[in-house]
Amino acid sequence: MKRYLSVLLSCLGYSLLAQDLTTLSQQKPLTFHGGITMRTRFYHAEGIANRRQPFSYLITGSPTLSLYGFSIPFTFIVSEQERSFRQPFNQFGLSPSYKWITLHGGYRNVSFSPFTLDGYTMLGGGVELRPGKWHIGLMYGRLNRAVVANQSLGDLQAVSFNRRGVAGKIGYGSDTTHVEFSFIKAKDNAASVDYQNIGQDTLGVVPVTPAENLVMSLGGRVGLLKYFFVEAEGAVSIYTKNIRSSMAIDSTVAHIPAWLPALMTINASTENNKALRGVIGYRQKKYGFSLQYRHIDPNYQSMGAYFFQKDLENITLNPMALLWQGKIRFNGSLGIQRDNLSGQKQATARRVIGSLNASLALSSQFGIEMAYSNFATSQTPIAVKFNDSLRVAQTTQNFSFTPHYFILGASRNHVFTLSVNYMTLNDLSLLSQQRNVHSTNAFFNYQITFQATGFNLSAGLSYARLQTAMLTSSNQGLTLGVGKSLLHSKLTLRLNSSILQNLQGTAQTMLYTNGLSGSYRATKRHSLNLTVNYIQNQGSAESQQAGGYPTFTEVRGDVGYNFTF
């Protein structure tokens with residue numbers, strides 16, 4: 001059988017790390033470092049069909065070339081599986097800096113504002129300047145390349161036009177008090193994709209159209225009386241979904257500024273949406289609080305950002321404190337949230353959102369982590385015909401409790417860890433009995449380590465239960481392990497054995513797992529590792545009738561070699 005080989009070379013983080021040119025004379029002319037990992041996996045199953053390939057291999061590497069301090073990181077992957085790439089997979093970038101000047105070139109992930117340009121990968125160039133209290137930035141380049149899916153070949157890759165954009169910012173001030181304006185203007189090249197190759201949906205509508213976007217943002221921060229601060233930012237996004245549309249819009253009715261059509265295409269597909277955020281806070285070393293507000297319109301989007309959680313408005317109070325010389329820490333949040341900001345949905349969902357996290361370090365040996373959250377949601381119908389059985393009114397609560405205890409001695413160490421998590425969803429609507437969910441998860445671990453010999457023993461108990469109106473399932477398990485370090489800790493061996501019982505109604509399944517793992521570091525640069533697991537599943541007749549796995553066995557193995565240079 002023909003073996004396919006593919007190599008992926010990509011720049012780690014899409015970039016060369018920024019380098020200060022003032023230290024250029026102190027840098028080495030050329031260095032090369034990184035690591036290479038080679039892994040082989042083997043697999044065998046009896047009683048069921050194979051759930052993975054019987055044999056596979058994978059070679060990965062992350063070498064980094066440095067020229068006078070400029071880091072050029074790469075990654076590559078070699079495997080027996082066929083791979084294909086539509087988008088370019090060689091992505092390089094450079095951001096050299098000299099004093100208050102930074103230049104950008106190649107593939108960059110620059111952020112000017114969370115509402116305008118926020119880390120979107122751009123192929124192009126730009127500059128950032130910070131003379132004194134000024135901070136100025138400008139970027140120009142390609143945001144998307146043209147891609148057309150071949151429907152006849154079953155190509156599921158998303159269609160995109162060649163998209164280019166320019167983004168900028170200008171601000172003045174310090175980290176505590178400043179004001180800043182930013183923008184991004186981007187447009188698809190309608191001629192970069194042939195419409196006949198895009199295809200249509202079941203209604204005969206072309207799913208992707210060339211678009212254009214202009215986003216402007218103004219924000220700032222003010223520090224008051226040493227400990228108080230105020231932050232605010234507002235943005236407007238003007239988005240034309242189809243620049244080819246011939247349907248005009250009445251500028252007098254839509255209140256379009258006279259200068260806007262000169263900057264971008266305006267037609268019937270143009271939308272105007274806004275985003276707002278604000279914070280009023282007080283912060284000292286040991287305690288503080290903030291009142292936060294956020295508003296994102298339902299259709300707000302920016303071609304310079306990947307994702308927005310849209311159609312929401314919330315206001316939250318967020319306290320924090322450090323007590324008892326920092327041994328007790330807590331932070332929390334309490335607020336309200338709603339959607340349907342445009343009033344286009346049949347109902348408006350309102351939520352009470354609250355959470356509390358606490359950490360207690362009662363001593364150097366004993367500590368507790370606790371977390372609690374409560375989210376209550378209700379719907380208010382705004383349409384006349386609204387089925388009460390579909391109205392949502394529910395409360396979700398989550399509580400976790402995780403204490404730990406260490407006993408550190410001259411010859412041996414003991415570690416005790418307990419974790420309990422409880423989640424409940426109570427639905428108060430007419431269909432509440434069908435929607436209620438209760439979930440409990442708990443585990444306890446203990447480990448003892450003998451320092452002189454490198455010998456350690458571990459034991460663990462686990463329990464999980466899920467209860468709904470339709471079913472109740474639970475599982476409980478026991479895990480035992482033993483480990484040993486040899487050859488001055490160069491060789492580490494470990495044996496693990498576990499048993500897990502799963503119950504779903506009267507159906508029972510037993511899962512036994514036995515594993516051996518080991519690692520050997522021959523030198524500082526060379527190391528080997530091995531993992532082998534034998535898995536046995538015993539399913540009852542009731543379990544198999546309910547669609548569960550039958551009785552089967554599996555052997556899984558992994559052998560790896562690591563080389564660093």
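These numbers come from a predicted model, not from an experiment. (Residues numbered from 1 in each chain as written. Predicted model: local features only at pLDDT ≥ 70, side-chain atom pairs only at ≥ 80, totals over all residues. Heavy atoms only, no water.)

Asks: Even after reading the chapter, I still don't get the overall build of the protein chain, so can you show me in this structure?
Replies: For the protein chain, the helix and strand inventory stands at 3 helices and 32 strands. The proportion of buried residues among the 565 residues of the protein chain is 33%. Approximately 32,800 Å² of the protein chain is accessible, and the part contributed by carbon and sulfur atoms is 60%. (Helix = DSSP H or I, 4+ residues; strand = E, 2+ residues; numbered from the N terminus. Buried < 20%, exposed > 50% of the residue type's maximum accessible area, 1.4 Å probe, protein only. Areas by Shrake-Rupley, 256 points an atom, 1.4 Å probe, with all protein chains shown as cover.)

Asks: Please explain the pattern of salt bridges as it appears in this structure.
Replies: Opposite charge on two side chains permits pairing when their charged atoms draw close. Per the counting criterion, the structure on display carries 15 salt bridges. Of the charged contacts in the structure, one is a salt bridge between Lys274 and Asp297, with a shortest N-O distance of 3.7 Å. One end of the pair, Lys274, is in strand 18 (residues 270-283); the other, Asp297, is in the loop between strand 19 (287-296) and strand 20 (312-323), and 23 residues separate them in sequence. Of the residues examined, Lys274 reaches a relative accessible area of 35% and is grouped as partly exposed. The exposure class of Asp297 is buried, given its relative accessible area of 10%. The shortest N-O distance in the salt bridge between Lys345 and Asp339 comes to 3.2 Å. By relative accessible area, Lys345 is classed as partly exposed at 40%. (Salt bridge = Lys/Arg side-chain N within 4 Å of Asp/Glu carboxyl O.)

Asks: Mind showing me how you'd approach the packing of aromatic side chains here?
Replies: The way to describe two aromatic rings as a pair is by their centre distance and the angle between their planes. In the structure shown here, the tally under the stated rule is 15 aromatic pairs. Ring centres 6.5 Å apart and planes at 25° place the aromatic pair Phe181 and Phe183 in the stacked group. When the centroid spacing of 6.4 Å and the interplanar angle of 65° are considered together, the rings of Phe366 and Tyr405 count as edge-to-face. With a gap of 39 residues between them, Phe366 in strand 23 (residues 366-381) and Tyr405 in strand 24 (residues 393-408) connect regions that are remote in the sequence. (Phe/Tyr/Trp six-rings, centres within 6.5 Å; stacked < 30°, edge-to-face > 60°.)

Asks: So what exactly am I meant to see when it comes to the nonpolar core here?
Replies: Side chains of nonpolar character tend, in soluble globular proteins, to be buried together. Counting residues in hydrophobic clusters, the biggest one holds 21 residues, and the most contacted among them are Phe115, Leu117, Leu143 and Tyr300. Of all the secondary structure elements, the ones that give two or more residues to this core are strand 13 (134-144), strand 15 (178-189) and strand 17 (228-240). Not counting the four nearest positions on each side in its chain, Tyr300 is found in contact with Phe115, Val215, Ala235, Val236, Ser237, Asn273, Lys274, Ala275, Phe308 and Lys310. Judged by nonpolar contacts, the second largest core, of 6 residues, contains Leu214, Ile256, Met264 and Ile266. (Core = buried A, V, L, I, M, F, W, Y, C linked by side-chain atoms within 4.5 Å. Contact = heavy atoms within 4.5 Å.)

Asks: For this particular structure, what's the right way to read the pairing of strand 15?
Replies: Regular strands have side chains that alternate between both faces of the sheet. As paired elements, strand 14 (residues 162-173) and strand 15 share 12 bridges and run antiparallel to each other. The partner of Lys169 across the bridge, within strand 15, is Ser182. Linkage of strand 14 to strand 15, two consecutive antiparallel strands, is achieved through a turn of 4 residues. As judged from the 10 bridges shared by strand 15 and strand 16 (residues 212-224), these two strands associate in the antiparallel manner. Bridging across to strand 16, Ile184 finds its partner in Val215. (Pairing = 2+ DSSP bridges.)

Asks: How should the confidence of the model for the protein chain be read in this particular structure?
Replies: The predicted structure's coordinates, where accompanied by low pLDDT, should not be read in detail. Taken residue by residue, the protein chain gives an average pLDDT of 84. The fraction at 70 or more is 81%. Mean pLDDT per element in the protein chain: strand 1 (residues 6-7) is the minimum at 35, and strand 15 is the maximum at 97. Taken as a whole, residues 1-18 scores under 50 in pLDDT and shows 57 contacts with residues more than four places along the chain or in a different chain. Every residue in residues 384-390 scores below 50 in pLDDT, and together they form 11 contacts with partners more than four places removed in sequence or on other chains. (pLDDT = per-residue confidence, 0-100.)

Asks: What is the right way to read the environment of Ala469 from this model?
Replies: Its place among the elements puts Ala469 in the loop between strand 27 (455-468) and strand 28 (472-486). For Ala469, a relative accessible area of 45% puts it in the partly exposed group. As a C-alpha pair, Ala469 and His438 span 31 residues in sequence and 9.8 Å in three-dimensional space.

Asks: In this structure, what is going on with the side chain of Lys169? I would like to understand it.
Replies: By secondary structure assignment, the location of Lys169 is in strand 14. The residues touching Lys169, leaving out its near neighbours within four places in the chain, are Phe112, Glu128, His135, Ile136, Gly137, Glu180, Phe181 and Ser182.

Asks: What is the right way to look at the pairing of strand 13 in this model?
Replies: Two strands pair when backbone bridges link them, and strand 12 (residues 122-129) and strand 13 are joined in this way by 7 bridges, in the antiparallel orientation. Paired with Gly124 across the two strands is Gly141, which belongs to strand 13. Connecting strand 12 to the antiparallel partner strand 13 that follows it, the hairpin turn spans 4 residues, and Gly132 within it adopts a positive phi of roughly 65°. As paired strands, strand 13 and strand 14 are joined by 10 bridges and run antiparallel to one another.

Asks: Can you help me understand the side chain of His295 in this one?
Replies: Position of His295 among the secondary structure elements: in strand 19. A distance of 2.8 Å separates a polar atom in the side chain of His295 from a polar atom in the side chain of Asp297. Those residues in contact with His295 that sit more than four places away from it in its chain are Lys274, Ala275, Leu276, Leu312, Glu313 and Leu341. (Polar contact = N/O pair within 3.5 Å; in protein donor to acceptor, adjacent residues only side chain to side chain.)

Asks: Explanation requested: unusual backbone geometry in the structure shown.
Replies: Only a minority of non-glycine residues have a phi that is not negative, and only a minority of peptide bonds are not trans. A positive phi angle is found at Lys226, which is not glycine, with a value near 75°. Tracing the sequence through the fold places Lys226 in the loop between strand 16 and strand 17. The class of Lys226 is exposed, set by a relative accessible area of 72%. With a phi angle near 55°, Asp311 is a residue other than glycine that sits in the positive phi range. Locating Asp311 in the fold gives a position in the loop between strand 19 and strand 20.

Asks: Is there a simple way to think about the environment of Tyr282 in this case?
Replies: By the secondary structure assignment, Tyr282 is in strand 18. The exposure class assigned to Tyr282 is buried, which follows from its relative accessible area of 14%. The sequence separation of Tyr282 and Phe229 amounts to 53 residues, and the corresponding C-alpha distance is 6.4 Å. The residues contacting Tyr282, other than those within four sequence positions of it, are Tyr227, Phe228, Phe229, Tyr287, Gly288 and Phe289.

Asks: Honestly, the environment of Gln53 in this entry has me stumped. Any pointers?
Replies: Mapped onto the elements of the fold, Gln53 is located in the loop between strand 4 (35-46) and strand 5 (55-61). Distance in space between the C-alpha atoms of Gln53 and Tyr43 is 6.7 Å, their sequence separation being 10 residues.

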